[in-house]
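Each chain is listed here by its residues.
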Amino acid sequence: QVQLVESGGGLVQAGGSLRLSCAGSGSILSIDAMGWYRQAPGKQRELVAAMFSGGITNYTDSVKGRFTISRDNAKNTVYLQMDSLKPEDTAVYYCNADVWTKRPYTASYLGRYWGQGTQVTVSS
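Before going into details, it helps to say that this report is about the structure given with it. Within every chain, residues take consecutive numbers counted from 1 along the sequence as written. The predicted nature of this model means local features are confined to residues of pLDDT at least 70 and side-chain atom pairs, given and counted, to a pLDDT of 80 or more, with totals for whole chains, interfaces and linings taken over all residues. Calculated side-chain values reflect all of the structure's heavy atoms, with hydrogen atoms and water omitted.

### Overview of the side chain of Asp89
Runs of E in the DSSP output that reach at least two residues are strands. Runs of H or I that reach at least four are helices, and both are numbered from the N terminus. Structurally, Asp89 is set in the loop between strand E8 (77–82) and strand E9 (91–103). Judged by relative accessible area, which is 1%, Asp89 ranks as buried. Working rule for contacts: check all heavy atoms of both residues, and any pair within 4.5 Å makes them a contact. Not counting chain neighbours up to four residues away, the residues in contact with Asp89 comprise Arg38, Arg66, Phe67, Ser84, Val120 and Val122. We call a residue buried when its accessible area falls under 20% of the maximum for its residue type, exposed when it is over 50%, and partly exposed in between, using a 1.4 Å probe and counting protein chains only.

Pasting the structure below:
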């Protein structure tokens, strides 16, 4: 089954760091147009960081200078390095990406996929 598998969440103290991973699993050729979202209890899911072709990145203002999105194409994996974490960063973090699979002579677009989410908790 094609899916995005997340890992790296946990409990850290304010000022600490975590590195989240989102790896494609199954018959995947590549993933792109990748993004990280987060959702705190009772709040709307929000975009945190995104990466597009050419290495273009975007970050929400609240994480600029603290979070970094990156990718490893060979591993079909996107990362979110989170430094100087704050209690307000506490949320479930989800990755999202376009997923492609191999077909004769070309690639086939499977669609947009979401990861299952990983909990990040930052204590004060």
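### Things to note about the nonpolar core
Core analysis: the biggest nonpolar cluster contains 28 residues, and Trp36, Phe67, Leu80, Met82 and Tyr93 have the highest contact counts within it. Sorting elements by how many residues they give to this core places E9 first, with 5 residues. Nonpolar core, defined: a set of buried Ala, Val, Leu, Ile, Met, Phe, Trp, Tyr and Cys residues in which side-chain atoms within 4.5 Å join the residues together.

### Points about the pattern of salt bridges
One side-chain nitrogen of Lys or Arg within 4 Å of one carboxyl oxygen of Asp or Glu is enough to make a salt bridge. For the structure shown, the criterion picks out 5 salt bridges. Between Arg38 and Asp89 there is a salt bridge, and its shortest N-O distance comes to 2.9 Å. Of this pair, Arg38 sits in strand E4 (residues 30–39) while Asp89 sits in the loop between E8 and E9, placing them 51 residues apart in sequence. You can call Arg38 buried: its relative accessible area is 6%. Among the ionic pairs, Arg112 bridges to Asp98, the shortest N-O distance being 3.1 Å. You can see Arg112 sitting in strand E10 (residues 106–114) and its partner Asp98 sitting in strand E9, a full 14 residues away along the chain. What you see here is one network of salt bridges that share partners, running through Arg38, Glu46, Arg66 and Asp89.

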